[in-house]
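# Working through the structure, step by step
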Amino acid sequence: METAPELFRKHMAYHEAGHVIADLAFGYRFTVVNIRPDESGEYEGTVYGSTRGRARDLAVVQLAGIVASAKMAKSDPWENPPQFDDDHADIATAGNFIDNWVAFLARTYGESSFKEQLWDEIRNHTRLLVDQNWDAIEVIGSALLEKETLSYDDVIRILKDRRPDFPAGEKP
């Protein structure tokens, strides 16, 4: 049976793997992903890369970590999510992307009352993306548990070796 620190580390690896695979699925290029503990021994997973892109895609990338770690824990990410601090930050960031999208729609087309509809669409799209790419998420989650830090090139090489059907490094 896994200890609490082992479960937290596994949660973080799958969480960050969800971000990485979503990033790749939308054709974005991150620099490095890390689950290594900081100097105080605290784990704080991070994916370093650009935050430029389509608001909907970026919101899905933010939520993919939550959905992937919930799937790993066999829980529902929206009804009964395992709660971790990074989840709150990801939800807030996804909310910012959606708010900006709604503001754009309002400026372009007049009043926009699509916020809840957009959240529903993004939640559904995120779950679908994670489900369709679960094998790749498991591969990267396992690699993160083993190595703790992976560069973009490491991830591409691992996916080409273990999941050659995943279109790693290719623009959709």
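Residues numbered from 1 in each chain as written. Predicted model: local features only at pLDDT ≥ 70, side-chain atom pairs only at ≥ 80, totals over all residues. Heavy atoms only, no water.

## A short note on the sheet that holds strand 3 (residues 149-151)
Hydrogen bonding along the main chain pairs the strands of a sheet, whether they run parallel or antiparallel. Under the convention used in this document: By definition, two strands form a pair when at least two bridges between them are found by DSSP. Only DSSP runs of H or I reaching four residues or more are called helices, and only runs of E reaching two or more are called strands; each is numbered from the N terminus. Fitting a line to C-alpha atoms yields each axis, with helices limited to the stretch in contact; the angle taken between N-to-C directions then spans 0 to 180 degrees. Note on definitions: a residue-residue contact is assigned when non-hydrogen atoms from the two residues lie within 4.5 Å.
Judged by pairing direction, the sheet is antiparallel, and its 3 strands sit side by side in the order 2-1-3 without closing on themselves. Two strands in the sheet have a free side with no partner beyond their single neighbour: strand 2 (46-49) and strand 3. Strand-to-strand twist in this sheet, taken as the mean axis angle between neighbours without regard to direction, amounts to 15°. Relative to strand 2, strand 1 (residues 30-34) is paired through 4 bridges, and the arrangement is antiparallel. When the sheet's bridge partners are listed, Phe30 is paired in strand 2 with Gly49. Helix 5 (residues 134-147) contacts strand 1 and strand 3 of the sheet and is inclined by roughly 120° relative to strand 3. Set on the sheet, helix 6 (residues 152-162) makes contact with strand 1 and strand 3; between it and strand 3 the angle comes to about 85°.

## A short note on the packing of aromatic side chains
Condition: Pairing of aromatic rings covers Phe, Tyr and Trp, the last counted by its six-membered ring, and requires centre-to-centre distances within 6.5 Å; plane angles under 30 degrees mean stacked, over 60 mean edge-to-face, and any other angle means tilted. To sort residues, take the accessible area from a 1.4 Å probe on protein chains only and compare it with the maximum for the residue type: under 20% means buried, over 50% means exposed, and anything in between is partly exposed.
Applying the stated criterion to the full structure yields 3 aromatic pairs. Between Tyr14 and Trp134, the ring centres sit 5.7 Å apart and the planes meet at 35°, which makes this aromatic pair tilted. With a gap of 120 residues between them, Tyr14 in helix 1 (residues 4-25) and Trp134 in helix 5 connect regions that are remote in the sequence. Each member of the pair, Tyr14 as well as Trp134, is classed as buried. Between the aromatic rings of Phe30 and Tyr152, the centroid separation amounts to 5.5 Å while the plane-to-plane angle is 65°, which identifies the pairing as edge-to-face. Of the two residues, Phe30 is situated in strand 1 and Tyr152 in helix 6; the sequence distance between them amounts to 122 residues. Using a relative accessible area of 2% as the deciding quantity, one classes Phe30 as buried.

The values reported here are purely geometric and, on their own, carry no functional implication.
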